[in-house]
Protein chains: 2
Amino acid sequence: MSDLFENTERTELSQMGEFGLIDHLTQNVKLYNSSTLKGIGDDAAVVSHGDKKTLISTDLLIEGIHFDLMYVPLKHLGYKAIMVNLSDICAMNGSPTQVTVSIAASSRFSLEALEDLYAGMLLACDKWKVDLIGGDTSSSQKGLIISITVLGEANEKDIVYRSGAKKGDLICVSGDLGGAYMGLQMLEREKAVFLQTPNIQPQLEGKDYILERQLKPDARMDIVEMLKALSITPSAMIDISDGLASELLHISKQSKVGVKLYEEKIPIDPLTYDTAREFNLDPTVCALSGGEDYELLFTIPQSDYDKIKGQPDISIIGHITDESEGNYIVSKSGNVYEITAQGWNAFKQA
Amino acid sequence: MSDLFENTERTELSQMGEFGLIDHLTQNVKLYNSSTLKGIGDDAAVVSHGDKKTLISTDLLIEGIHFDLMYVPLKHLGYKAIMVNLSDICAMNGSPTQVTVSIAASSRFSLEALEDLYAGMLLACDKWKVDLIGGDTSSSQKGLIISITVLGEANEKDIVYRSGAKKGDLICVSGDLGGAYMGLQMLEREKAVFLQTPNIQPQLEGKDYILERQLKPDARMDIVEMLKALSITPSAMIDISDGLASELLHISKQSKVGVKLYEEKIPIDPLTYDTAREFNLDPTVCALSGGEDYELLFTIPQSDYDKIKGQPDISIIGHITDESEGNYIVSKSGNVYEITAQGWNAFKQA
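Residues numbered from 1 in each chain as written. Chains lettered and ligands numbered in written order. Predicted model: local features only at pLDDT ≥ 70, side-chain atom pairs only at ≥ 80, totals over all residues. Heavy atoms only, no water.

Re the overall build of chain A
Counted only if it meets this: Helix numbering and strand numbering both begin at the N terminus, where a helix is a DSSP run of H or I of at least 4 residues and a strand a DSSP run of E of at least 2. The atom set for the radius of gyration is the C-alpha atoms, and the globule formula is 2.2 Å times the number of residues raised to the power 0.38. The buried label goes to any residue with under 20% of its type's maximum accessible area, the exposed label to any with over 50%, and the partly exposed label to all in between, with areas taken from a 1.4 Å probe on protein chains only. Note on contacts: a residue pair is in contact if any heavy atoms of the two residues lie within 4.5 Å. Each accessible area is a Shrake-Rupley estimate made with a 1.4 Å probe; only the visible protein chains count as cover when residues are assessed.
In terms of regular secondary structure, chain A is built from ten helices and 15 strands. Relative to the compact-globule value of 20 Å for 350 residues, chain A shows a C-alpha radius of gyration of 21 Å, a close match. Over its C-alpha atoms, taken along the principal directions, chain A stretches across nearly 60 × 55 × 50 Å. Burial analysis of chain A (350 residues in total) assigns 57% to the buried set. Taking contacts inside chain A between residues at least 6 apart in sequence as the whole, the part at least 24 apart equals 82%. With the model as given, the accessible surface of chain A reaches about 14,200 Å², and the carbon-plus-sulfur share is 48%.

Notes on the packing of aromatic side chains
Stated formally: Note on aromatic pairs: the rings of Phe, Tyr and Trp (six-membered ring only in Trp) are paired at centre separations within 6.5 Å, and the planes decide the class, stacked below 30 degrees, edge-to-face beyond 60, tilted for the rest. Throughout this description, the term charge over a ring refers to an Arg CZ or Lys NZ atom that lies within 6 Å of the ring centre and within 35 degrees of the ring normal.
The tally for this structure, following the rule as stated, stands at zero aromatic pairs over all chains. Positioned above the aromatic ring of A:Y79 is the side chain of A:K216, whose terminal nitrogen or guanidinium carbon lies 4.8 Å from the ring centre.

Comments concerning the side chain of B:E263
Residues and elements named next belong to chain B. Let me state the cut-off plainly: Positive charges are assigned to Lys and Arg, negative charges to Asp and Glu, while His and the chain termini are left out of the count. Each salt bridge in this description consists of a side-chain nitrogen of Lys or Arg and a carboxyl oxygen of Asp or Glu lying within 4 Å of one another. What qualifies as a polar contact is a pair of N or O atoms within 3.5 Å, subject to a donor-acceptor requirement within protein and to the restriction that residues adjacent in sequence count only when both atoms come from side chains.
With respect to the element layout, E263 can be found in the loop between β10 (258-262) and α8 (270-278). Here E263 sits buried without a salt bridge, and the closest side chain of opposite charge, K332, lies 4.4 Å off (N-O distance). In this structure the side chain of E263 is engaged in a polar contact, spanning 2.8 Å, whose partner is the backbone nitrogen of K332.

Observations regarding the interface of chain A and chain B
The cut-off we apply is this: Defined in terms of a 1.4 Å probe, buried area is the accessible area two parts forfeit on being brought together, summed over both. Amino acids outside the nonpolar list (Ala, Val, Leu, Ile, Met, Phe, Trp, Tyr, Cys, Pro) and the charged list (Asp, Glu, Lys, Arg) are all regarded as polar, and Gly is one of them.
Counting residues at the interface gives 92 residues for chain A and 92 residues for chain B. Here chain A packs against chain B, burying approximately 8,200 Å² in sum over the two surfaces, 58% of which is carbon and sulfur. Here chain A and chain B share zero salt bridges between them. Here the side of chain A that touches chain B is built from residues that sort into 35 nonpolar, 33 polar and 24 charged.

Notes on the UniProt feature "binding site: Mg(2+) 1" (unreviewed entry) in chain A
This is how it is decided: UniProt positions are given in the numbering used here, feature names are shortened, and annotations may be inferred rather than shown by experiment.
Taken from the UniProt record, the annotation "binding site: Mg(2+) 1" (unreviewed entry) applies to A:T58, A:D59 and A:D136. The residue A:T58 is located in strand β3 (residues 53-62) in this model. Exposure remark for A:T58: the relative accessible area of 10% places this residue in the buried category. Excluding its chain neighbours within four sequence positions, the residues that come into contact with A:T58 are A:N85, A:I148, A:T149, B:T100, B:S102, B:G135 and B:T149.

Observations regarding the relation of the copies chain A and chain B
Worth spelling out the cut-off: All copies are superposed by least squares; the fitting set is the C-alpha atoms of residues with a pLDDT of at least 70 in both.
Superposing chain A onto chain B requires a rotation of 180° together with a translation of 0.0 Å along the rotation axis, leaving an RMSD of 0.0 Å. Here the two chains are linked by the operation of a two-fold rotation axis. Of the residues that chain A buries at the interface, 100% are likewise interface residues in chain B, meaning the two copies contact each other through the same surface.

As structure tokens, then:
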């Protein structure tokens, strides 16, 4: 057991970013099985146990870190927890087929609370006909912990990675962006008001769309099906969990290309726009950095332009450039700014 | 969103047993995909995305609930966390191929601590040539949380469920039992001494074997390979995580059969036996109820007896009877007792 002796140094985890930490911890990972087609580093891993390929992705959600039960009902939490995992399979251009769910809950939670959580999960499974095939429940010392793993399937030729974008490709996005973030801002504001004045009624009228974007997102399996119907295989694809800017940089880095984005092309719903203004926020920054929209961001060759141009739920927001040209956004006023993981730096013009 | 309204009743989770809770929560689970060959209810689910079948199992481990870092070094914890998942695939007569690992840690943990954890995991992966293909890391509000999902593969005809035992089959077990439990007793005793008198040295000399049984168990992939080499496909199989008695009752229930076990045939290592005596425990009760041995418990037709009888690491401990005959153990003195999930009830003779 001499190979089981331990380290004695100490580096604080807070010194490492999330991606730095996982890169660091997994740097010694070796792959042994020819059935592992893709390991760490995309929305899902790809496994071949037969002619169709198995996609797998997993998520660990912890109360107080990943969700706040003060404004997220458990049924919504269950629904969203499943949907964000299904979204990872969609982002590979695959079809989600099975999930496993493990739950740990402290004695603060009743059976009925967990029933609500499961009911929301099963509603999400039902929507896309995904099977819940395993998992378990246990107690926790504190709060609620949810671990979800999703399996999906795809033909090998249909699987889309983050790394396939080519110079000249069009950058497309489904739906609209920034809404989930503005929904979160609304809920955070009402929570702060409630904590100050518990008997006040929440002011959420007219905000249904952005609240639903935050509380009940949908995995865009319909877009995967639409792409199939249009005979389009994207060259690269990712789902927008962290914000448009951050996801574009993933594609840029993994495809070794540059990105040119046009601010005026970014799809933003009028309610998102107006609510952002109400909060004195820049709607474009909300779309670039907000995250949790779970829309699909993908690139297609220019030759597919005619197939996609009439689609109402797809926006063409820019194009792929040479790696040497970097990652930039052209503002409505025609200025050019570098894209950063935080969105864009409006003070640092290129 | 009216289907997202919540329950208002309250039933304490402590009123439900672990299996009762998961059965209850998953009672409404529907399966949609023909690729789902087996969902909830065995050691692993079985998915068909091609000619070979994919096995999947998942585990959520929480500090203070599932492990105690006072006496479990992180590298051992990582090793064991992987091995107990691989064991679930072995228990289906499959080969583990890939794992995903998600970690959440509070600021109490340093980078080096997580490096140790991962190093132990990768050591276990290396032992059985399993690929770590995904997962993530995040912070937790309290303690360490580990979520592991394992994939394995098997030909459909080779997969062994808990439900296939037939009247007359021989009941076999690999290795020896009760050691992991006695290792835990040793560690718990030394922890209690340490908490009282922190500068005292732990008294663990000569206990290496049972400590290793507790801290560094191995998935019995070698037994799966041996069975293949002997051309034996068990009729039912399960790994021993909760104790021999509890696992036998799973086979009995799911196969709709009875069980007759012989106390004198249960394999117990001399160190386990002597340590149990030292603790004033009945060694047979430790083997029946101890758990965490991760040995394989399986049934084979009597016609396979000649193939298995000479195998040094396999014990034949009883046979399968008709369901109406119940589940019993014959003691060394020839008395017959009913087997319960807690082991046996030595005061309630049949």
